[in-house]
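# Architecture at a glance
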Amino acid sequence: MSRWHPLQPLSVTDLVAEHERLHEEIAQLQRGLTSHAVIDQAIGALVAVGRIPPDSAWRVLREVSQRTNTKVRTVAEHILKFAQGGALSDTELEELRRALGRHAARRAPDRCDS
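Residues numbered from 1 in each chain as written. Predicted model: local features only at pLDDT ≥ 70, side-chain atom pairs only at ≥ 80, totals over all residues. Heavy atoms only, no water.

Looking at the element boundaries, Arg 73 is found in helix α3 (residues 72-83). Residue class for Arg 73 comes out partly exposed when judged on its relative accessible area of 30%. In the structure, Arg 73 is positioned 39 residues away from Thr 34 in sequence and 9.6 Å away in space, judged by C-alpha atoms. Not counting residues within four places of it along the chain, the set of residues in contact with Arg 73 comprises Arg 31, Thr 34, Ser 35, Val 38 and Ile 39. (Helix = DSSP H or I, 4+ residues; strand = E, 2+ residues; numbered from the N terminus. Buried < 20%, exposed > 50% of the residue type's maximum accessible area, 1.4 Å probe, protein only. Contact = heavy atoms within 4.5 Å.)

As structure tokens, this is what we get:
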């Protein structure tokens, strides 16, 4: 059946095209879910290491991505490896330190000497 004309049957050619389109859509959704999981895990690592809230961790991840011209997912993968004892490139490490510093400074509570 056609999406636009529900009572009109599809030709074999149309069915094959729809089948291919649906398979591609499924593949895209699966890639998106995997990518989302990696990014969420990296945000969790940044929350723990940087002692910042999740929204700030997301911003840190985005900033490092933008400043190193690297996809967010790739930066997230690198941060996860780093959190497990791996190494970051000098550029990524420096940008990560800077971004964490900026966001940690925003979260620093005002302290009174009483």
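As a packed pair, helix α1 (residues 12-50) and helix α2 (residues 54-68) sit with axes 9 Å apart at the nearest point and diverge in direction by 110 degrees. Put simply, α1 runs roughly perpendicular to α2. Here α1 runs over α2; the crossing is right-handed. Counted together, Ile 39, Ile 43, Leu 46 and Val 47 of α1 and Pro 54, Ala 57, Trp 58, Val 60 and Leu 61 of α2 form the full contact between these two elements. (Axes fitted to C-alpha atoms, helices over the stretch in contact; angles between N-to-C directions. Parallel < 35°, antiparallel > 145°, perpendicular 65-115°, else oblique. Left-handed = near helix turned anticlockwise from the far one by under 90°.)

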